[in-house]
Amino acid sequence: MTSFNQFDFNFIASFPLFRDIDPCLIIPLLKNCEIKSLNKGEIILRVGDKNNYLYWLLSGSLRVYLSMPESSKIDQQTGFTIAPGESFGEMSIVDNSPVSACVAATEDCHLLAMHERVFWEQLICLPGIVKNLMKVLSNRLHQRDEISLKNLEQQLSFAKRSEAERIQFNDELELKNTALQKAKDELAEYSRTLEKKVSERTQELSQTLEILKATQAELIFENELLRTTEQSSTFDYQVGGSLPMDAPTYVVRSADRFLYKALRRAEFCYVLNPRQMGKSSLMVRMIDHLQREGVYCAPIDMTRIGSETVTPDQWYKGVAFELGRRFGLFGKFNLKAWWKEREDVSPVQRLSEFIEEVLLVEVGVEEGTPAKLVIFIDEIDSILGLKFPVNDFFALIRSCYNQRSLNPEYRRLTFALFGVTTPSDLSTNNQITPFNIGQSIQLEGFKEYEAQPLLQGLAEKVSNPQTLLKAVLAWTSGQPFLTQKICKLIRNTSSPIPANGEACWLENLVQTNVIENWESQDEPEHLRTIRDRLLQSKQSVRLLELYQQVLCQPEVSVTASPEEMELLLSGLVVKQQRCLKANNRIYASIFDNSWVEQHLQEANRDK
């Protein structure tokens, strides 16, 4: 076996199939490949073979024949040559058909071989790989067509040269012409069938690649979010809390792109999801990126304003104070005097005038062209503790949207709401809430191709970190808090991780450090928060009964009922194809049917 290090990685990264692909994403793939050697005259693929590998030629020379050559004529000048850097075998993997050509070595060769499992599970998920693959397949079809046409021309030429002997061999020639036409028709049909199969497979992959296409459309934004200068010596996972801007373990998800696009279009947005799904980290990243593009941003944490004893006037003034502080108005504007001068109007009207007469006049107008303003409202669910209704507050947000048609200045202003609640909980008047004009942004668990930034910490523990990361996601389903926690446990363990036994080793780690005695090991608190949300809810019994159905029944259809919405906000369940499913294996192992039965019995005894 030839050592992989004998070949220059930069040479491999320049292969047509890897063109414009981030080299950092190629390295994990290459570790799953193997190097094969061929002697001159040796055949690696035969017509009709079942092929399971995608090959790249590293050194030497290969030749492709559309039919099987005789061993004594392996150097014949038919077919086409494969040079170092080019690939072969991709067509039989894509359409899952037997090999349709013969590939033989015309001199001693070295090959890089990738199994089809790695091709479908890892390579095809890389950004831009489908585009490159389509180019390679297209070039291969053109080569085949040229050779087929050349062979056809040679046969037709032979037929013309034999015209003088047609009288003697007329019957035989007629049979040959019939066979030739049949071969031509079969070749044309084969080309059409192959193109159809490639098209069908591309459509099958389109859903998987939808986010990757969006990534390519926002490549500059994606690179900026992923960029980090952290060295491996300072690399660490963070469990709980907002990730700092330079955190190397921040995972960019589809929500990053959707929220960024929506805010750039000045759409009102709301991110209402369970706790510890990365809402705060997403907001921090979005503010930083928008500010560097010249957008003025004001994050407001509603818990800073208070909810227990605050009056409506104090609460609305608190919102105005936070806006003034975040937009840098203090020093050139006296909010206390301004607010007192308008005591004859309602607090919500004063806040409305503050937005129109102060914010849109004073903020972002220094350099001529007025800049965009985005108000990020975090912990929006904290207003549920207020002693007075806040329907007017949401009416004000909606009014800012409606004013765009009357006052162009309002087109500069956008709101983004973050919290753990449902639209119906925030306002009792559905006619004036902003949620039927805004863009809902759903935070989902990390997908495997998104979670690649987490590999660095795992690479220090195992030789195949991708396998270990996949095992982690099998337990957490990409839930951000749990995924970071499991990765941190792996990084901090002194126990050796056996090669090819990562899944069993990880199961023992999760059982002993997370699931067993989970209430005492739940630091920072996460699982207890879910428990308390279920058991302290006013409709606790209905939540437990619905969750029990999810655990015990094959399918529980989505109904959009109040208890379903609250159960989704707990994080215990997620929607999958219009059905409710347990979020991940850890939740299902801790909050299992026995746990549900115990608390249902306790609730019934307390009645």
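In case you missed it, the structure is sitting above this.
Note that the structure is a prediction, hence the values are computed from the model and not measured.

Peer 1: Just to check I follow, could you spell out the layout of surface pockets for this structure?
Peer 2: A probe as big as a water molecule, rolled over the atoms, marks out the empty space that is left. Counted as a void, the second largest pocket has a volume near 910 Å³. Along its surface, the second largest pocket is lined by 32 residues, and Q442, L443, E444, V574 and K575 are the ones closest to its centre. A breakdown of the residues in the lining of the second largest pocket according to their chemical character gives 14 nonpolar, 13 polar and 5 charged.

Peer 1: Quick question: what am I supposed to make of the sheet that holds strand β2 (residues 43–45) here?
Peer 2: Consider a sheet: its strands pair through backbone hydrogen bonds, and that pairing is either parallel or antiparallel. Overall, antiparallel pairing links the 4 strands, which are arranged β2-β7-β4-β5 in an open sheet. The open sheet terminates on both sides in strands that have one partner only, identified here as β2 and β5 (80–82). In this sheet, adjacent strand axes meet at a mean angle of 30° when their direction is disregarded. For β2 and strand β7 (residues 102–105), the ladder comprises 2 bridges, and the chain directions are antiparallel. Of the residues in β7, the one forming a bridge with L45 is V103.

Peer 1: Just to check I follow, could you spell out the sheet that holds strand β13 (residues 439–440) for this structure?
Peer 2: The 5 strands lie next to each other as β10-β11-β12-β9-β13, forming an open sheet whose pairing is parallel. The open sheet is flanked by β10 (296–301) and β13, the only strands paired with a single partner. Here strand β9 (residues 269–272) pairs with β13 via 2 bridges, running parallel. For C269, the partnering residue across the bridge sits in β13 and is Q439. Together, β9, β10, β11 (373–378) and β12 (413–419) form the strand contacts of helix α10 (residues 279–292), whose direction differs from that of β11 by roughly 165°. Each of β10 and β11 is contacted by helix α11 (residues 312–326), which is oriented at about 140° to β10, the strand it contacts most.

Peer 1: Help me out: how do you make sense of the packing of helix α18 (residues 480–492) against helix α19 (residues 502–515) in this one?
Peer 2: A pair of packed helices is characterised by two quantities: the angle between their axes and the separation of those axes. Relative orientation of the contacting elements α18 and α19 amounts to 105°, with a least axis distance of 11 Å. In terms of axis orientation, α18 runs roughly perpendicular to α19. Residues I486, L489 and I490 of α18 lie in contact with α19, whose contacting residues are W505, L506, L509, V510, N513 and V514. A class-by-class count of the residues in the contact of α18 with α19 yields 8 nonpolar, 1 polar and no charged.

Peer 1: Help me understand the nonpolar core, please; the structure alone is not making it clear to me.
Peer 2: Taken as a class, soluble globular proteins show a tendency for nonpolar side chains to be buried jointly. With 52 residues, the main nonpolar core has I490, L506 and F591 as its most contacted residues. Look past the residues within four positions of F591 in its chain and what remains in contact with it is W518, L527, I530, R531, Y547, L551 and L572. Core analysis: the next-biggest nonpolar cluster, separate from the first, contains 47 residues, L272, M302, F354 and I355 among them.

Basis of the calculations
Residues numbered from 1 in each chain as written. Predicted model: local features only at pLDDT ≥ 70, side-chain atom pairs only at ≥ 80, totals over all residues. Heavy atoms only, no water. 1 Å grid on protein atoms, 1.4 Å probe; cavity = no way out; pocket = protein on both sides within 12 Å on 5 of 7 lines; lining within 4 Å. Points joined across faces, edges and corners; volume = space filled by probe spheres on them. Nonpolar A, V, L, I, M, F, W, Y, C, P; charged D, E, K, R; others polar. Pairing = 2+ DSSP bridges. Helix = DSSP H or I, 4+ residues; strand = E, 2+ residues; numbered from the N terminus. Axes fitted to C-alpha atoms, helices over the stretch in contact; angles between N-to-C directions. Contact = heavy atoms within 4.5 Å. Parallel < 35°, antiparallel > 145°, perpendicular 65-115°, else oblique. Core = buried A, V, L, I, M, F, W, Y, C linked by side-chain atoms within 4.5 Å. Buried < 20%, exposed > 50% of the residue type's maximum accessible area, 1.4 Å probe, protein only.

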